[in-house]
Amino acid sequence: MNLWWLVALAILIWNVVSLINARPNTNPVIGIPYSTFLQQLDQQNVEKVSFEGNAVTGQLKQAITFDTSSNELVTPSSSASPSASPSASPTLLPGQNEANRIQTSDRFSTRLPDFGDPALLPELKRQNVQIVVNAQQATSPFIVLLENILPWALFIGLFILLSRRAGAAQQGIFSFGKSRAKLYDAAQKRITFEDVAGVDEAKADLQDIIDYLREPQRYQKLGGRVPHGVLVVGPPGTGKTLLARATAGEANVPFYSISGPEFVEVLVGIGASRVRDLFETAKKQGPSIIFIDEIDAIGRRRNAGIMTGSNEEREQTLNQILVEMDGFQSEHTVVVLAATNRADVLDPALLRPGRFDRQVSVDRPDRSGREAILKVHIKGVPLASDVDLSAIARATPGMVGADLANLVNEAALLGARRSLNAVNQECFWDALEKIQLGAERPLVLSEEDRRIVAYHEGGHALVALLSPDADPLNRVTIVPRGHALGVTLQLPIDDRYNYSKSYLLTRIAVALGGRVAEEEVFGDITTGAENDLEMVTHVVRQMVTRWGMSPEVGLLVQEDRHDEDLGGFLTRRETSEYMAKTIDEAMQKITDERLRHTRKLIADNLDKLHRIASLLLEHESVDADAIRRELGLAPADQTPEVPARVASVEHEPAPVAFSRQEP
Ligand code: ADP
Ligand code: ZN
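Per chain, residues are indexed from 1 in the order of the written sequence. As a convention, the first chain written is A and the first ligand written is 1, with the rest following in written order. Local features are withheld for residues below a pLDDT of 70 in this predicted model, meaning they are given only at 70 or higher, and side-chain atom pairs are given and counted only at 80 or more; totals for whole chains, interfaces and linings count all residues. Side-chain metrics in this entry use all non-hydrogen atoms of the structure; hydrogen atoms and water are not considered.

1. Structural notes on the overall build of the protein chain
- Where helices and strands are cited, they refer to DSSP runs of H or I of at least four residues and of E of at least two residues respectively, numbered from the N terminus. When you go through the protein chain residue by residue, the secondary structure sums to 23 helices and 17 strands.
- When accessible area is computed with a 1.4 Å probe and restricted to protein chains, residues below 20% of their type maximum are described as buried, those above 50% as exposed, and intermediate ones as partly exposed. When each of the 663 residues of the protein chain is scored for burial, the buried share is 43%.
- Using a 1.4 Å probe, accessible areas were evaluated by the Shrake-Rupley method; residue-level cover was limited to the displayed protein chains. When the accessible surface of the protein chain is totalled, it reaches about 35200 Å², and 54% of it is carbon and sulfur.

Structure follows, in structure tokens:
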């Protein structure tokens with residue numbers, strides 16, 4: 001495109017330059033007939049001539065005034081008195097037109113007749129006129145060609161370019177309505193239930209869909225109504241897309257996939273026509289699966305998006321989906337699978353019988369599920385004999401299929417970087433550490449900062465070790481990683497689904513341990529406890545307002561609703577002024593009590609804190625067993641022997657999980 005700008009600029013400059021040149025010349029060259037030239041010669045008024053081929057230009061002794069329209073001399077300069085000479089009195093030229101027509105100059109040009117004028121040269125010689133003969137400028141044919149062709153070439157080029165663009169734009173407009181569905185057909189790698197692990201219930205739920213797609217006649221014969229729409233619900237990365245593809249693979253039918261946000265595009269009405277097109281194509285195919293990812297993007301409760309603009313478009317798209325699904329005849333063997341991570345925000349119209357009336361939920365995998373998923377992903381990865389997948393599964397609570405796939409990949413990359421022939425267990429632990437805690441940061445801390453971090457982490461570790469309810473301590477490090485300067489890791493014995501009050505109180509104490517240790521040892525405090533305090537606030541607030549764990553506030557839920565229906569950011573206050581105060585006091589009370597408890601615990605065990613801190617300053621990264629040995633504590637019988645972790649104090653998995661993970 002830049003080139004075209006340059007060309008345009010050049011043309012512009014050229015125009016300006018020629019405009020300037022075209023300014024009326026004060027001493028123009030007058031084109032005169034040959035006869036006039038001979039006449040001037042007779043009057044001995046010619047001073048100089050130059051020939052260039054047949055063209056003659058020359059200089060007169062005295063200026064003449066010539067009317068170019070009538071080809072006549074206005075005043076023969078030879079006979080004119082100086083005062084009447086038009087050259088001296090330009091006022092003689094009355095108007096603009098006149099000025100163009102009547103020119104006064106002592107320069108002229110004319111043409112010799114082609115047959116020549118044998119008398120001319122002798123006469124010129126006689127009058128002693130200066131004669132110049134210029135070689136005829138041989139314009140190379142190439143230049144001529146260029147001069148004639150180039151402007152056209154540029155013009156045509158520009159035209160082609162523009163029309164092509166216009167064409168493309170037009171095409172774009174007309175293909176907008178075509179669905180962008182990706183088709184994975186049988187030619188592509190077929191995915192089956194073998195490739196999806198840890199979601200056995202979901203697989204069982206989808207089994208009769210597969211049977212139906214395989215043998216539709218069997219079902220049609222008996223007139224049974226097979227669900228056409230299945231909603232697959234689960235958190236991101238749990239394998240919803242994978243499961244849908246595997247369903248298509250098992251049934252051996254084509255699989256069309258499109259994602260909700262893709263429906264809603266710039267032009268209104270396009271979403272609906274895409275839907276129509278997609279369903280048309282699928283119906284023509286015979287048995288097939290349509291997969292709509294992120295259906296909540298279009299299928300949200302209607303009339304809810306007061307704050308969102310493209311409501312109209314979404315509604316149309318959604319309506320079209322409903323229309324298409326209602327229009328399924330019994331001979332249409334198309335099953336629509338739609339994925340979402342929140343079924344609760346969906347428009348109830350979507351969930352009515354005949355539409356997405358069946359739900360399959362895909363949850364975060366449990367320990368055995370994670371092991372099974374790992375087994376799927378290590379196919380093709382050469383493993384060393386020390387790799388223990390069940391230990392990895394135990395160390396990764398909360399991780400979903402996509403995370404585990406990523407873990408295997410990271411481990412394989414690490415193995416490659418270390419030039420190993422097979423990926424060993426250490427690669428897995430290091431990869432896990434990197435994923436969960438962030439990459440190590442080459443940050444050089446001052447000796448003072450290192451001491452503070454060591455005592456802070458030591459404080460967390462000490463409280464965790466001394467509290468029977470705490471998640472077993474796993475490892476403490478003061479190597480900066482991600483955003484944290486140091487990390488204290490605790491590893492739950494198993495996935496937790498339910499949290500007792502005493503467990504939560506212990507958790508708060510462990511979190512406060514860092515701040516309290518700084519306070520006790522340095523007599524000053526730092527900003528390093530920010531994350532800890534955030535987590536404490538969050539847990540304490542939920543204990544008080546949601547879980548009925550404060551006698552002052554009681555059992556009623558006192559949460560302000562963050563209302564999805566109102567665009568997500570409007571909050572509906574459900575708490576009275578009086579209650580708000582009570583909540584604040586109750587939260588304060590729990591926190592104060594925990595702070596006193598933690599202070600006492602650390603003050604009573606200050607010697608142990610010093611030992612942990614110096615161990616950390618020396619080794620930077622220390623596992624729980626080493627700390628226990630140093631402190632002379634009995635080795636924990638239940639501590640998993642794996643050096644990995646999850647519930648780190650610094651990197652708390654979003655504490656909302658406390659409620660969401662309840663069975
Ligand atoms: P979702 O659609 O739920 O967001 P995906 O199906 O896109 O998740 O999963 C992303 C990737 O994670 C998959 O391609 C697969 O490699 C891996 N994965 C997720 N869940 C599983 C599972 N249950 N079994 C095996 N691999 C899984
Ligand atoms: Zn901390």
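Now that the structure has been shown, we can carry on.
2. Looking at the packing of helix α17 (residues 447-466) against helix α18 (residues 501-522)
- Packing of α17 against α18 leaves a shortest axis separation of 7 Å and a crossing angle of 135 degrees. Looking at the two axes, α17 sits oblique to α18. Relative to α18, the crossing made by α17 is right-handed. Across the interface between the two elements, Arg451, Ile452, Tyr455, His456, Gly459, His460, Val463 and Ala464 from α17 touch Ala509, Val510, Ala511, Gly513, Gly514, Arg515, Ala517, Glu518, Val521 and Phe522 from α18.
- Per-class residue counts for the contact of α17 with α18 are 10 nonpolar, five polar and three charged. Axis angles are defined between N-to-C directions and span 0 to 180 degrees, where every axis is a line fitted to C-alpha atoms and, for a helix, only to the segment in contact. Should an angle fall under 35 degrees it is called roughly parallel, over 145 degrees roughly antiparallel, and 65 to 115 degrees roughly perpendicular, with every other angle called oblique. Should the near helix be turned anticlockwise from the far one by less than a right angle, the crossing is left-handed, and should it be turned clockwise, the crossing is right-handed. Any two residues having at least one pair of non-hydrogen atoms within 4.5 Å are treated as being in contact. Amino acids outside the nonpolar list (Ala, Val, Leu, Ile, Met, Phe, Trp, Tyr, Cys, Pro) and the charged list (Asp, Glu, Lys, Arg) are all regarded as polar, and Gly is one of them.

3. Observations regarding the site of ligand 1
- Here a residue is near a molecule or strand as soon as one of its heavy atoms is found within 4 Å of it. The local shell around ligand 1 holds 14 residues, among which Ala197, Gly237, Lys240, Thr241 and His377 are the closest.
- Lys240 is positioned such that a nitrogen or oxygen atom in its side chain is 2.8 Å from an oxygen atom of ligand 1.
- The side chain of His377 places a nitrogen or oxygen atom 2.8 Å from a nitrogen atom of ligand 1.
- When isolated, ligand 1 has an accessible area of 560 Å², and the protein chains bury 78% of it.
- Counting only elements with at least two residues in the shell around ligand 1, the list comes to α8 (240-251), α13 (367-377) and α15 (401-417).
- Here the element with the most residues in the shell around ligand 1 is α8; it accounts for three residues.
- When its residues are assigned to classes, the shell around ligand 1 shows six nonpolar, six polar and two charged.
- All domain edges in this entry derive from an automatic or database-based domain assignment. Looking at the shell around ligand 1, you find at least three residues from each of domain 2 (182-361) and domain 3 (367-436). For the purposes of these results, a polar contact is taken to be a pair of N or O atoms within 3.5 Å, where, inside protein, one atom must be able to donate a hydrogen and its partner to accept one; residues adjacent in sequence count only when each atom of the pair is a side-chain atom.

4. Some details on a negative patch on the surface
- Residues with no salt bridge and a relative accessible area higher than 30% make up the patches, which join like charges within 9 Å and nonpolar side chains (Val, Leu, Ile, Met, Phe, Trp, Tyr) within 5 Å. A pairing counts as a salt bridge when a side-chain nitrogen of Lys or Arg comes within 4 Å of a carboxyl oxygen of Asp or Glu. Asp and Glu are treated as the negative residues and Lys and Arg as the positive ones, with His and the ends of the chain left uncounted. In this description, the location of a charge corresponds to atom NZ of lysine, CZ of arginine, CG of aspartate or CD of glutamate. On the surface, Asp200, Glu201, Asp205, Asp363 and Asp366 cluster together to form a negatively charged patch.
- Note that Asp200 resides in helix α6 (residues 200-214).

5. Notes on the pairing of strand β14 (residues 487-490)
- What you see with β14 is no split at all: Val487 and Leu489 on one side and Thr488 and Gln490 on the other are buried throughout.
- Paired strands are those between which DSSP finds at least two bridges. The pairing of strand β13 (residues 473-477) with β14 spans four bridges and is classified as antiparallel. Bridge pairing in β14 places Val476 opposite Thr488.

6. So, the pattern of salt bridges
- Following the criterion strictly, the structure yields 18 salt bridges and no others.
- Sharing partners across several salt bridges, the network here consists of Glu447, Arg450 and Glu620.

7. A look at the sheet that holds β13
- What the three strands build is an open sheet, ordered β14-β13-β17; its pairing is antiparallel. Because the sheet does not close on itself, it has two edges, and the strands there are β14 and β17 (621-623). With strand direction ignored, the average angle separating the axes of adjacent strands in the sheet is 10 degrees.
- Against the sheet, helix α22 (residues 624-631) engages β13 and β17, with an angle of about 80 degrees to β17.

8. Some details on the environment of Arg418
- Within the element layout of this structure, Arg418 appears in the loop between α15 and α16 (425-437).
- Given the relative accessible area of 36%, Arg418 is considered partly exposed.
- In contact with Arg418, other than residues within four places in its own chain, are Glu426, Cys427 and Asp430.

9. Topic: unusual backbone geometry
- For Asn71, which is not glycine, the phi torsion reads 55 degrees and is therefore positive.
- Of note, Asn71 is situated in the loop between β3 (55-67) and β4 (72-75).
- In this structure, Asn128 takes a positive phi of about 65 degrees despite not being glycine.

10. Regarding the confidence of the model for the protein chain
- Every residue carries a pLDDT, the predictor's confidence in it, which falls somewhere between 0 and 100. Summary statistics for the protein chain give a mean pLDDT of 79 and a share of 81% for residues scoring 70 or more.
- For residues 77-96, every residue scores under 50 in pLDDT, and the model assigns this stretch 21 contacts once sequence neighbours within four places are set aside.
- Segment residues 638-663: pLDDT under 50, and 88 contacts once partners within four positions in sequence are set aside and those in other chains are kept.

11. A look at helix α10 (residues 270-285)
- Every helix has an expected span of 1.5 Å times one less than the residues it contains. Under the 1.5 Å per step criterion, the end-to-end length of α10 is 23 Å for 16 residues, consistent within 8% with the ideal 22 Å.
- For α10, the full list of buried residues reads Ile270, Gly271, Ala272, Ser273, Arg274, Val275, Leu278, Phe279 and Ala282.
- Two residues or fewer past α10, Gly286 is found with a positive phi of approximately 85 degrees.

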